Amino acid sequence: MMQLVKYPPRAEWKELLMRPSAGETEVLATVKNIISQVKTSGDLALRAYAEKFDGFVPDQFAVSDEEIKNACLQVPDALKTAIGEAAQNITRFHEKPGAEVRVVETMPGVSCWKKQLPIEKVGLYIPGGTAPLFSTVLMLGIPAKNAGCEQIILCTPAGRNGKIHPAILYAASVAGITEIYKTGGAQAIAAMAFGTESIPPVDKIFGPGNRYVTAAKLLVQGEGIAIDMPAGPSEICIVAGRSAEPSFIAADLLAQAEHGEDSQVLLLTDDEALAEATVKEVSRQLDLTPRKKIAARALSSSRVIVLRSLEEAMEMSNAYAPEHLLLMGEAEEMAAQVRHAGSVFIGSYSPEAVGDYASGTNHALPTYGYARSFSGVSTGSFMKWISFQQLTQEGLKNISTTVITMAEEEGLYAHGQAVRIRIDTIPCSQ
């Protein structure tokens, strides 16, 4: 059950906010080997890992149009309607940025501008495991389509029957993604990074996953493949004042805890009675949760912390930099104090689950404290900026002394000479 801590001194905050860890050294060693095998053996390695981890060997990795069509027929109408509404909201929120180009004349004759273009080839990773995250297909696929990426591939593990969950394939269809491959885990990340006989390499990889997937993303990033962010086990921090409802808080804590045994949930409050009531309510609701065993393991590394004020609670939240931050009781005042968080939910009637599925914001968010420096996925994540500059003869003359002086001070003579050689060709009357 969750640990209840009251009025900890600041010297203890760092230890209290530690995320769970589980053999990171061994994880990295395992993933390095997987990446090496995929780089060397391609599809052969993918088949071996599919047999080892997924319990089947695919005849082909690519999902056929017929498989997608049949899967779509299996999805209940109510779920299709829900996916459609979520897709509409996500599309509205992730509208493509305006294409207007603004030219800035930084000095007479020196014009600079920048242009945003889509990344050509992107890979989306969708976890399978204990929960088929078809919602993540929408969260990644729709912004990628809105950005205008030329090639979008999707990798996800199949079950022991060799099939991908129908809802994942239906969501991919709604998002307009047709290039889908049956492979998961660290080996899927390696395949998208370096390519195999069946799976093409991409320029940037997106998507959440377990520790092995996260480690694989970080390792391929070291070899020049861009990633969205380091996104590991899910987490939530709730900051609640005395007017908050314990049953709401408990429900949100359990919603996050059921993601996985390595998830972490925190409640920060200035009210002892609320803290104690929430601990009891978590215990009561846990017994009603189908994924009780998973949630219980996550709760064992989670905490309820009582602080002296909500201001202090917000300081602790910012120190934690949570993936999800839910504010209840004096919520709008606390929202103004947020400095580090992936996505913020304001008020008692803004449960984190709506952001996971359908409000329109993205649920692909930085975890493990990376919210201090990373943002969640957006349409801009699938685009890049290219800067341009164009100088007239007058412009080059105006800026030449500045460039030559700076280049020579740095000892880079050829830089200055690249300017001088041009200046010498410009008539003196110019």
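Please refer to the structure higher up on the page.
Residues numbered from 1 in each chain as written. Predicted model: local features only at pLDDT ≥ 70, side-chain atom pairs only at ≥ 80, totals over all residues. Heavy atoms only, no water.

Caption draft 1: Highlighting the nonpolar core. Membership of the largest hydrophobic core comes to 43 residues, with the highest contact counts inside it found for Val-122, Leu-138, Ile-177, Ile-180 and Phe-382. Secondary structure elements with two or more residues in this core: α4 (65-74), α5 (77-93), β4 (121-125), α6 (134-147), β5 (151-156) and α7 (166-175). With eight residues, the single largest contributor to this core is α6. Not counting residues within four places of it along the chain, the set of residues in contact with Ile-177 comprises Leu-124, Gly-141, Ile-152, Leu-154 and Ala-172. In this structure, Val-38, Ala-45, Tyr-49 and Ala-186 belong to the second largest nonpolar core, which totals 29 residues. (Core = buried A, V, L, I, M, F, W, Y, C linked by side-chain atoms within 4.5 Å. Buried < 20%, exposed > 50% of the residue type's maximum accessible area, 1.4 Å probe, protein only. Helix = DSSP H or I, 4+ residues; strand = E, 2+ residues; numbered from the N terminus. Contact = heavy atoms within 4.5 Å.)

Caption draft 2: A negative patch on the surface, seen in detail. Among the surface-exposed residues, Glu-311, Glu-330, Glu-332 and Glu-333 lie close enough to one another that they form a single negatively charged patch. Among the secondary structure elements, Glu-333 is positioned in helix α14 (residues 331-335). Note on Glu-333: relative accessible area 51%, which makes it exposed. (Patch = residues over 30% accessible without salt bridge, like charges linked within 9 Å, V, L, I, M, F, W, Y side chains within 5 Å. Areas by Shrake-Rupley, 256 points an atom, 1.4 Å probe, with all protein chains shown as cover. Salt bridge = Lys/Arg side-chain N within 4 Å of Asp/Glu carboxyl O. Lys, Arg positive; Asp, Glu negative; His and termini not counted. Charge placed at Lys NZ, Arg CZ, Asp CG, Glu CD.)

Caption draft 3: Representation of helix α11 (residues 272-286) in the model. Relative to the 21 Å expected for 15 residues at 1.5 Å per residue, α11 spans 21 Å between its end C-alpha atoms, a close match to the ideal helical length. Restricting attention to buried positions, one finds in α11 the residues Leu-274, Ala-275, Thr-278, Val-279, Glu-281, Val-282, Gln-285 and Leu-286. Taken together, the buried residues of α11 touch β1 (3-6), β9 (235-240), α10 (246-257), β10 (264-269), α12 (292-299) and β11 (303-306). Its side-chain oxygen placed 3.4 Å from the backbone nitrogen of Ala-273, Asp-271 serves as the N-cap of α11. (Expected span 1.5 Å × (residues − 1). Polar contact = N/O pair within 3.5 Å; in protein donor to acceptor, adjacent residues only side chain to side chain.)

Caption draft 4: Just the side chain of Arg-303, in detail. Position of Arg-303 among the secondary structure elements: in strand β11. Among buried Asp, Glu, Lys and Arg side chains, Arg-303 stands out as unpaired, with Glu-15 the closest opposite charge at 6.7 Å. A polar contact of 3.2 Å, which involves the side chain of Arg-303, links it to the side chain of Gln-3. At a separation of 2.8 Å, a polar atom in the side chain of Arg-303 contacts the main-chain carbonyl oxygen of Leu-16.

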